[in-house]
Amino acid sequence: MLVARELTKSFPSGDRTITVLRDVSFSIDDGEFVAIVGPSGSGKTTLLGLLAGLDTPSAGSVLLDSVDLAALDEDARARLRGEKVGFVFQSFQLIPTLTALENVRVPLDLRGDHSALARATDLLARVGLADRTHHYPVRLSGGEQQRVAIARAFVNSPRVLFADEPTGNLDHATGVRIVELLEQLNRDAGTTVIIVTHDLELAGRARRIMRLADGLVVEDRVRAT
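This structure is a prediction, so every number in the text was calculated from the model and none was measured.

The next point concerns the packing of aromatic side chains. Per the counting criterion, the structure on display carries two aromatic pairs. Geometrically, the ring pair formed by phenylalanine 87 and phenylalanine 89 is stacked, given 6.0 Å between the ring centres and 10° between the ring planes. Their ring planes at 25° and their centres at 6.1 Å tell us that phenylalanine 87 and phenylalanine 162 sit as a pair that is stacked. Of this pair, phenylalanine 87 sits in strand S6 (residues 85-89) while phenylalanine 162 sits in strand S7 (residues 160-164), placing them 75 residues apart in sequence. What links up through ring pairs into an aromatic cluster is the set Phe87, Phe89 and Phe162.

The next thing to look at is the nonpolar core. One finds Leu124, Val148, Ile150 and Leu161 to be the most contacted residues of the largest nonpolar core, which totals 39 residues. At the level of secondary structure, the elements contributing two or more residues to this core comprise strand S3 (33-37), helix H3 (100-110), helix H4 (116-126), helix H5 (142-154), S7, helix H6 (172-189), strand S8 (192-196) and helix H7 (200-203). In contact with valine 148, other than residues within four places in its own chain, are Leu94, Ala100, Asn103, Val104, Leu124, Leu129 and Leu140. Residues Ala4, Val62, Leu69 and Val196 belong to the second largest nonpolar core, which totals 27 residues.

Glancing now at unusual backbone geometry. Glycine aside, negative phi is the norm for most residues, and most peptide bonds take the trans geometry. For glutamate 6, which is not glycine, the phi dihedral falls at a positive 50°. With respect to the helices and strands, glutamate 6 occurs in strand S1 (residues 2-13). In this structure glutamate 6 comes out as exposed when scored by relative accessible area, which is 53%. Unlike most non-glycine residues, aspartate 65 shows phi in positive territory, near 50°. Secondary-structure assignment places aspartate 65 in the loop between strand S4 (59-64) and strand S5 (67-68). For aspartate 65, a relative accessible area of 22% puts it in the partly exposed group.

What follows covers the sheet that holds strand S9 (residues 208-213). Spatially, six strands are ordered S6-S7-S8-S3-S9-S10 in an open sheet, and the strand pairing comes out mixed. Both edges of this open sheet fall to S6 and strand S10 (216-222), since each of them pairs with a single strand only. Neighbour to neighbour, the strand axes of the sheet diverge by 15° on average, direction disregarded. Running at roughly 170° to S6, H5 makes contact with S6 and S7 of the sheet.

It is worth spelling out the sheet that holds S1 at this point. Spatial strand order, S2-S1-S4-S5: four strands in an open sheet with antiparallel pairing. Strands at the two margins of the open sheet, each flanked by one partner only, are strand S2 (16-28) and S5. With five bridges connecting them, S1 and S4 associate as antiparallel partners. Looking across to S4, one finds that threonine 8 is bridged to alanine 59.

We now examine the pattern of salt bridges. The full count for this structure, using the stated rule, is 16 salt bridges. Arginine 205 serves as the salt-bridge partner of glutamate 180, at 3.5 Å between the closest nitrogen and oxygen. Here glutamate 180, found in helix H6, pairs with arginine 205, found in the loop between H7 and S9; they are 25 residues apart in sequence, far enough to count as distant. By relative accessible area, which is 35% here, glutamate 180 ends up partly exposed. The structure contains a network of salt bridges with shared partners spanning Asp30, Asp65, Lys84 and Arg159.

So, on to the environment of glutamate 201. As for its position among the elements, glutamate 201 is in helix H7. Residues glutamate 201 and alanine 52, 149 residues apart in the sequence, show an inter-C-alpha distance of 25 Å. Side-chain polar atoms of glutamate 201 contact the side chain of histidine 172, separated by 3.4 Å.

This part is about the environment of arginine 22. Take arginine 22: it is sitting in strand S2. As a C-alpha pair, arginine 22 and glycine 53 span 31 residues in sequence and 18 Å in three-dimensional space. When near neighbours in sequence (up to four residues on either side) are disregarded, arginine 22 contacts Leu7, Thr8, Asp214, Gly215 and Leu216. At 3.3 Å, the side chain of arginine 22 and the backbone oxygen of aspartate 214 are in polar contact.

Calculation criteria
Residues numbered from 1 in each chain as written. Predicted model: local features only at pLDDT ≥ 70, side-chain atom pairs only at ≥ 80, totals over all residues. Heavy atoms only, no water. Phe/Tyr/Trp six-rings, centres within 6.5 Å; stacked < 30°, edge-to-face > 60°. Helix = DSSP H or I, 4+ residues; strand = E, 2+ residues; numbered from the N terminus. Core = buried A, V, L, I, M, F, W, Y, C linked by side-chain atoms within 4.5 Å. Buried < 20%, exposed > 50% of the residue type's maximum accessible area, 1.4 Å probe, protein only. Contact = heavy atoms within 4.5 Å. Pairing = 2+ DSSP bridges. Axes fitted to C-alpha atoms, helices over the stretch in contact; angles between N-to-C directions. Salt bridge = Lys/Arg side-chain N within 4 Å of Asp/Glu carboxyl O. Polar contact = N/O pair within 3.5 Å; in protein donor to acceptor, adjacent residues only side chain to side chain.

Here it is, written out as structure tokens:
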């Protein structure tokens, strides 16, 4: 599903260059559940952005479902993301003036998909919010808002879902439930799930853990079952 080949990302900083990622290479199979961990500044979020096509590498390449992202212009990358990629963020990113149901519908409504209402209603029920469909974000708890965000991320049946610190604004018990929900949707839909997290306990629930330090992959292991 994903192949990273010698990914390097550098940024200019005054009269010098800061390299955030250095020659990172790996592949992720279809349907895997992968956690990327590491200290602040290790390059986790930068790597996630490159894998998702939100940013371009200074060197190296990313293949998403066999498509070389570097060969696409920004419009083509955006279309690919709309067709195959879902996102979950630490800050939820819900639209405050829309209900839970309307927030989940947005990706399908934007492309004129007539199944939007049925699909959004079904997903909210699957994440345990069937009775909250007409509530606005301000009336939902943090955990409920994140569940709405997860339903929205899955509404277009993505091949791969990226989650950047999806439990970072939640208490531990709620965070565990969110990861369990991602596990369930990973199993049921076969979607490849890649999460960035600083919480090693939550990361330990993933089937595969990649650890970054100073822009390098220093560990890549599959959890024993």
